[in-house]
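Close look at the chain arrangement
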Amino acid sequence: MELPFAESYKIKMVEPLRRSTREERIQWIKEAKYNLFNLRSDQVFIDLLTDSGTGAMSDRQWSALMMGDESYAGASSYFNLKESIQKIFGMEYFLPTHQGRAAENVLFSTLVKSGDIVPGNSHFDTTKGHIEFRHGKAVDCTIDEAFVTEMEHPFKGNIDLTKLEKVLSSYPAEKIPMIIVTVTCNTSGGQPVSMKNIREVKEMAVKYGVPVCFDSARFAENAYFIKLREEGYQNKTIKEIVFEMYSYADMMTMSSKKDGIVNMGGFIALRSQQIFRDAAVYNIMFEGFITYGGMSGRDMNALAVGLMESTEFEYLETRIKQIEYLGQKLIEFGIPIQRPIGGHAVFIDAKKFLPSVPKEEYIAQTLAIEVYIEGGIRGVEIGTLLADRDPESRENRYPALELLRLAIPRRVYTNNHMDVIAVALKNVWDRRDNIKTGYKILYEAPIMRHFTVELDKI
Ligand code: F0G
């Protein structure tokens, strides 16, 4: 008999979880104004709000942490991180920042001006926020297949080259500061971009004289999918695949809270000394001196190790098989999810799950609230609340997909937790015909409203 699969690690430290009652949860979510970001973590049993900064560090990371060098300038921790970044991405220059959106803030302060156009594959909300904040425009060039949840496609994060060329040929190169390739593409369901697509985007970028920037939060998960799904990569190591991916990038922003497996941190890496120098000015203003940029030395040390660990095949296999395990359970129950199952999360198609709830009443948010009440499980809406209003017309933007994302933290939960999640979803699925109305907004912020929105039941 073939031995079954098991995790490539064992557990050394644990954190207690508290179960709650349905009555408590009904009260708590009401007090939270039906915004799951407003819940206290002890009101949540299984927290799938995000896989960002919620992972468990390894013993090697914790021991590296103890060796952190907290010197203001020239800390050894900075050089440890620089060495990891050079080894993994092959980029000469780097600037630490306190998280991914800070990297966006610094780089876009340097490169994005009012009226600029930034094409890419379904820009993440902070990325789009930082572009729109500067009165630029993010143009989504993701392939159409990404928006048909039941359609199987190995690389739903891919950029549609026809859409991209239309943008590149419609504006002068000076108006297009960069093309952003998000690996994996969070907004389209944690879906990877193929090496072929990355290469073709780079070729087109060179033709039009526009640089390519990778939004790199889940770069290692992207490489794992290339290894599994793309012809010619089966025998390459994850590190070789990552190195090739980044050979097609001019620069990168990184949220280290994902595939850096640390709780806080980010960075910019790039090849151009000129852009590095320009960005360093903003880094010093917004983040900190160029050798710490908002990170403590101990955190840079832990990240230097985390990047090496997240690019090991065994780690990625354990992680992605767990997401697959949960996704398969949901498929068995007949629950409509984004196919194929993504790298960091399972995305539930809320429009198909709750067909009676009108889109004006926030379908995916309605589902997120039901799942919380059912099992104390906190997911996140990737739908109309997140899509926000059009900056000019101020009308709600209704995205093609209304998704409930169940993001799985790295090395945190066991498959027993996955079983609880699946059954909670099934219970909501079984009573879905009774869920016909959603929510209305009582308060919203002018930008990135989903974090602080206040809602009431209709
Ligand atoms: N880019 C992508 C693709 C992301 O998913 C995120 C964050 C960021 C940039 C910003 O990084 O949070 O470190 O400032 N995504 C988190 C999530 C918040 O839950 O998906 P950050």
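Residues numbered from 1 in each chain as written. Predicted model: local features only at pLDDT ≥ 70, side-chain atom pairs only at ≥ 80, totals over all residues. Heavy atoms only, no water.

Now for the sheet that holds strand S9 (residues 345-349). What the three strands build is an open sheet, ordered S9-S12-S11; its pairing is antiparallel. Bordering the open sheet on either side are S9 and strand S11 (380-382), each of which pairs with just one other strand. Averaged over all pairs of adjacent strands, the angle between strand axes in this sheet comes to 30 degrees, irrespective of strand direction. Strand direction decides the pairing type here: S9 and strand S12 (residues 403-407), joined by five bridges, are antiparallel. (Pairing = 2+ DSSP bridges. Helix = DSSP H or I, 4+ residues; strand = E, 2+ residues; numbered from the N terminus. Axes fitted to C-alpha atoms, helices over the stretch in contact; angles between N-to-C directions.)

Our next topic: the domain arrangement of the protein chain. Here the domain parsing of the protein chain yields domain 1 (22-51 + 314-457) and domain 2 (59-310). Between the C-alpha centres of domain 1 and domain 2 there is a distance of 26 Å. Taken together, the 31 residues of domain 1 in the interface contact 36 residues of domain 2. Taken over both partners, the interface formed by domain 1 and domain 2 buries close to 2700 Å², and the fraction arising from carbon and sulfur atoms is 54%. Contact with domain 2 buries area across many residues of domain 1, yet Leu316, Gln338 and Pro340 alone supply 21% of it, more than any other trio. If you look at where domain 1 meets domain 2, you find eight salt bridges. Among the elements of the structure, helix H12 (313-332), S9 and S12 are those that each provide at least two residues to the side of domain 1 that touches domain 2. Element by element, the count of residues in the side of domain 1 that touches domain 2 is highest for H12, at five residues. Residue composition of the side of domain 1 that touches domain 2, by class: 16 nonpolar, five polar and ten charged. (Domains from an automatic or database assignment. Contact = heavy atoms within 4.5 Å. Buried area = accessible area lost by both parts, 1.4 Å probe. Salt bridge = Lys/Arg side-chain N within 4 Å of Asp/Glu carboxyl O. Nonpolar A, V, L, I, M, F, W, Y, C, P; charged D, E, K, R; others polar.)

So, on to helix H4 (residues 100-111). Between the first and last C-alpha of H4 there are 16 Å, a value that for twelve residues agrees with the 16 Å anticipated at 1.5 Å per step. Extensive coverage of H4 is indicated by the burial of ten of its twelve residues. Among the residues of H4, Gly100, Ala102, Ala103, Glu104, Asn105, Val106, Leu107, Phe108, Ser109 and Leu111 are the ones counted as buried. (Expected span 1.5 Å × (residues − 1). Buried < 20%, exposed > 50% of the residue type's maximum accessible area, 1.4 Å probe, protein only.)

Moving on: the pairing of strand S5 (residues 179-182). Side chains Ile179 and Val181 project from S5 onto one buried face, and the interleaved Ile180 and Thr182 project onto a second face that is buried too. By the bridge criterion, four bridges tie S5 to strand S6 (residues 212-215) in an arrangement that is parallel. Each bridged residue has a counterpart across the sheet, and for Thr182 the counterpart in S6 is Asp215. In the classification by handedness, the crossover that spans S5, the intervening helix H7 (residues 195-208) and the parallel S6 is right-handed. (Right-handed = clockwise from strand over helix to strand, strands pointing away.)

Before going further, it helps to examine unusual backbone geometry. Cis peptide bonds are those with omega within 30 degrees of zero, and the linkage from Val183 to Thr184 qualifies with -20 degrees. Its place among the elements puts Thr184 in the loop between S5 and H7. Omega for the bond connecting Arg339 with Pro340 falls within 30 degrees of zero, at -15 degrees, which places this linkage in the cis form. Structurally, the position occupied by Pro340 is in the loop between H12 and S9. With a phi close to 40 degrees, Ser122 is a non-glycine residue in the positive phi region. Residue placement: Ser122 occurs in the loop between strand S3 (117-120) and helix H5 (125-133). In the Ramachandran plot, Tyr362 falls in the positive-phi region, its phi being about 65 degrees despite a non-glycine side chain. On the secondary structure map, Tyr362 appears in the loop between helix H13 (350-353) and helix H14 (363-375).

As a matter of local geometry, the ligand sits amid 17 residues, with Thr50, Arg101, Ser255, Lys258 and Arg405 nearest to it. Asn186 places a side-chain nitrogen or oxygen 2.9 Å from an oxygen atom of the ligand. Considering the ligand on its own, with 470 Å² of exposed area, one finds that the protein chains cover 94% of that surface. The element that contributes the greatest number of residues to the shell around the ligand is H4, accounting for three residues. A per-class count over the shell around the ligand returns two nonpolar, eight polar and seven charged. (Near = heavy atom within 4 Å. Polar contact = N/O pair within 3.5 Å; in protein donor to acceptor, adjacent residues only side chain to side chain. Areas by Shrake-Rupley, 256 points an atom, 1.4 Å probe, with all protein chains shown as cover.)

Here the focus is the environment of Ala350. Residue placement: Ala350 occurs in helix H13. Along the chain, Ala350 and Tyr362 lie twelve residues apart, while their C-alpha atoms are 9.6 Å from each other. When residues no more than four places from it in sequence are discounted, the contact partners of Ala350 are Ile363, Ala364, Leu367 and Glu402.

Proteins that are soluble and globular tend to have nonpolar side chains buried together. In terms of nonpolar packing, the biggest core is built from 58 residues, with Phe89, Phe214, Phe219, Met245, Tyr246 and Phe267 touching the most fellow members. Sort the elements by how many residues they give to this core and helix H8 (residues 219-229) lands first, with six residues. Viewed by domain, this core spans two of them, domain 1 (22-51 + 314-457) and domain 2 (59-310), each represented by three or more residues. Residues contacting Tyr246, with those up to four places away along its chain left out, are Phe89, Met91, Val183, Phe214, Ser216, Phe219, Met252 and Arg271. Counting residues in hydrophobic clusters, the runner-up holds 48 residues, among them Ile408, Ile421, Ala422 and Ile435. (Core = buried A, V, L, I, M, F, W, Y, C linked by side-chain atoms within 4.5 Å.)

Here the focus is the packing of helix H3 (residues 76-89) against helix H9 (residues 238-247). Where H3 meets H9, the axes come as close as 7 Å, and the angle between the chain directions of the two elements is 85 degrees. Relative to H9, the element H3 lies roughly perpendicular. In this structure, H3 uses Gln86, Lys87, Ile88 and Phe89 to contact H9, whose residues at the interface are Val242, Phe243 and Tyr246. Residue classes in the contact of H3 with H9 are distributed as five nonpolar, one polar and one charged. (Parallel < 35°, antiparallel > 145°, perpendicular 65-115°, else oblique.)

This part takes up the environment of Ile261. Turning to its location among the elements, Ile261 is positioned in the loop between strand S7 (251-255) and strand S8 (266-270). Once the C-alpha coordinates of Ile261 and Thr384 are considered, the two residues, 123 residues apart in sequence, prove to be 29 Å apart. Apart from residues no more than four positions distant in its own chain, Ile261 is found in contact with Ala56, Met57, Gln61, Ser256, Gly306, Glu309, Ser310, Tyr315, Arg410 and Arg411.

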